[in-house]
Structure formats: structure tokens, C-alpha cells
Amino acid sequence: MRLEGKVALISGGARGMGAAEARLFAQEGAKVVIGDVREDEGRQVEAQINEAGGEALFLKLDVTSEADWESVVASTVSRFGKLDVLVNNAGIGGGGRLEHTALEDWDRMMDINAKGVFLGTKTAIPAMREAGGGSIVNISSIWGMVGAEMSSPMYQASKGAVRLLTKTTALQHADDGIRCNSVHPGPIATPLTEASRNDPERNRVMLERTPMGRYAEPIEVAYGVLYLASDEASYVTGSELAIDGGWTAQ
Ligand code: NAD
């Protein structure tokens, strides 16, 4: 199994890509902690994994709260003995043009999508150092790599921040044996994209712009995250993995 003996914490693991990663990691032998603000859905994923013979624990986590992160990392170590893998996956979407972007919407998106990754990383590093090293996988987006008029300045700024925060983390913690990489998904069929997929015009534009002409399933991203989390990626740090049906190749 590819994550045998590892302990992994996945933020935003209650649904979408985070839930797919939690299930896959557990199948591959990891003990998985699911941190999310969605308690009911998070507990469902926890139960599904445990019923399937895996080991999972749901913990309430608001990624914007440093106190929540400290408590979740401490509980992970006390329950499973250590922390090897952190997937900073929690995030929100949102469109709109720059001049119509409200300050409070900008702040909320930066808080969840960018500050949340900073706080998670900051809190996990001492535990990973204690474990002798680790792997941090930050979920950015194609829209953290290239501009898109159909996205929004606040989403692009937040995901661009994740991309470069990843590289600084990789450089500052290479000596600790802590690797850090970013993943850049294209259009993925999750609850986050449900509204756009149900809007015929937006759906048409997304499909036309995606070379492979379809949305991916969450598991197609989870396999890439699994690779970066595992020891198979032992020499990979500071890198960016696009899983985007060819979007950023254009
Ligand atoms: P999703 O909405 O299905 O799941 C996101 C999860 O994050 C939810 O369970 C939600 O409760 C959780 N979350 C939101 N705010 C939180 C907070 N403050 N604290 C803790 N948890 C919180 O979305 P998804 O599509 O699975 O997205 C996962 C990640 O992938 C996000 O960072 C998103 O920006 C990114 N992404 C998504 C797509 C896509 O097409 N779906 C593309 C590129 C990047």
C-alpha cells in the first residue's frame, strides 16, 4: 500500500476532492483525519472509511482559525501518534469582476483560500519535524497559474498566493525533510462547480476551453495528490502538478 503507516490530515475533507482523497488515502493504508466546517458530511465520510475497514477521524476545523488548527494537529498526534501528510484542500469559489468585488468578499476568500493554507502549514510543520519529515500538498488551481476572465480577481489572487507559498515552504523546510508541492486542478465535478455545470452557457464555455472537453471526477485529482503525499515523490518538492485536461497547456 502506498501510504502504509502514514498519518494524513486533509482540510475540507467532508466532500468533493477532499473526501475522494480521504477515501483513497485510507485504501492505501493511511490513518486519515478529516478536518472541515461541515460536521454532518465529515462524519459521513469518517463512517464510510471506518466501515470499509480503514481508519478515519473527523474533527471540526475552520481553516481560518489558528486555535482550530492547533487543536486538530494536537488531536491528530494524540490519536494516531504523529503527522506525516497535510493536504491543504479546503477552499471556496466565487466569480465577479474586480470593480464589483466587495472588500468583505475579498477578505473572506483570502482568509479561507490563502490564510488557511498558511495557518495549516505553520501548525503542521513542528509535528512533521517531530515525525522526522513529511509531505504538504497544497490545492491551488489552474487559476493560480494563468489568468481567466471568467474567474475572479479574488479567487485568482488567493490561488496564486498558494502557488508561491508552496515554493517558500519547500525551500525553508527542505532541511527538515518536509516536502511541499502544489496541485492545480482544472474543472472538476464537485459540489463547488455544481452551479456552473448546471448553467448551460457557463458549462458550454468551460467545456469548449478544456482540451479534453470534460470535467474530471474528484478521484482523478486524488491520484495525483496521493503520489505527492507518498514516498514515491521523495525527491519532489516546490513543484506544481496541473491536473487539468490540458487547460494550462494552451
Ligand atoms: P467543495 O466545495 O466540494 O469542497 C470544499 C470543502 O472545503 C467543503 O467540504 C467545505 O466545507 C470545506 N471548507 C470551506 N471553507 C472551509 C473552512 N473555512 N474551514 C474548513 N473547511 C472549509 O470543493 P472542491 O471542488 O472539492 O474544492 C477543493 C479545493 O480544490 C478547493 O481549494 C478549490 O478551490 C480547489 N479547486 C477546485 C476546482 C473545481 O473545479 N472543483 C478546480 C480547481 C481548484
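Scroll up a little and you will see the structure.
Residues numbered from 1 in each chain as written. Predicted model: local features only at pLDDT ≥ 70, side-chain atom pairs only at ≥ 80, totals over all residues. Heavy atoms only, no water.

**Section: helix 2 (residues 39–51)**
Item 1. The first and last C-alpha atoms of helix 2 sit 18 Å apart over 13 residues, in line with the 18 Å expected at 1.5 Å per residue.
Item 2. Looking at the buried side of helix 2, the elements it contacts are helix 1 (16–27), strand 2 (31–36) and strand 3 (55–60).
Item 3. Note on helix 2: the residue one or two positions beyond its end, glycine 53, has a positive phi of about 95°. (Helix = DSSP H or I, 4+ residues; strand = E, 2+ residues; numbered from the N terminus. Expected span 1.5 Å × (residues − 1). Contact = heavy atoms within 4.5 Å.)

**Regarding the site of the ligand**
Item 1. Close contacts around the ligand come from 28 residues, with Arg15, Asp36, Asn89, Tyr155 and Thr190 the closest.
Item 2. Within the side chain of aspartate 62, an N or O atom sits 3.1 Å from a nitrogen atom of the ligand.
Item 3. Coverage of the ligand by the protein amounts to 95% of the 830 Å² it exposes when considered alone.
Item 4. Only helix 1 and helix 5 (153–173) provide two or more residues apiece to the shell around the ligand.
Item 5. For the shell around the ligand, the class distribution of residues is 14 nonpolar, nine polar and five charged. (Near = heavy atom within 4 Å. Polar contact = N/O pair within 3.5 Å; in protein donor to acceptor, adjacent residues only side chain to side chain. Areas by Shrake-Rupley, 256 points an atom, 1.4 Å probe, with all protein chains shown as cover. Nonpolar A, V, L, I, M, F, W, Y, C, P; charged D, E, K, R; others polar.)

**Details of the sheet that holds strand 5 (residues 134–139)**
Item 1. Here we have seven strands laid out as an open sheet, ordered 3-2-1-4-5-6-7, and parallel in their pairing. Two strands close off the open sheet at either side, each with one partner strand: strand 3 and strand 7 (240–243). In this sheet, adjacent strand axes meet at a mean angle of 20° when their direction is disregarded.
Item 2. Strands in contact with helix 1 are strand 1 (7–11), strand 2, strand 4 (85–88), strand 5 and strand 6 (178–185); relative to strand 1, the strand with the most contacts, it is inclined by about 170°.
Item 3. Strands in contact with helix 4 (residues 103–130) are strand 4, strand 5 and strand 6; relative to strand 4, the strand with the most contacts, it is inclined by about 180°. (Pairing = 2+ DSSP bridges. Axes fitted to C-alpha atoms, helices over the stretch in contact; angles between N-to-C directions.)

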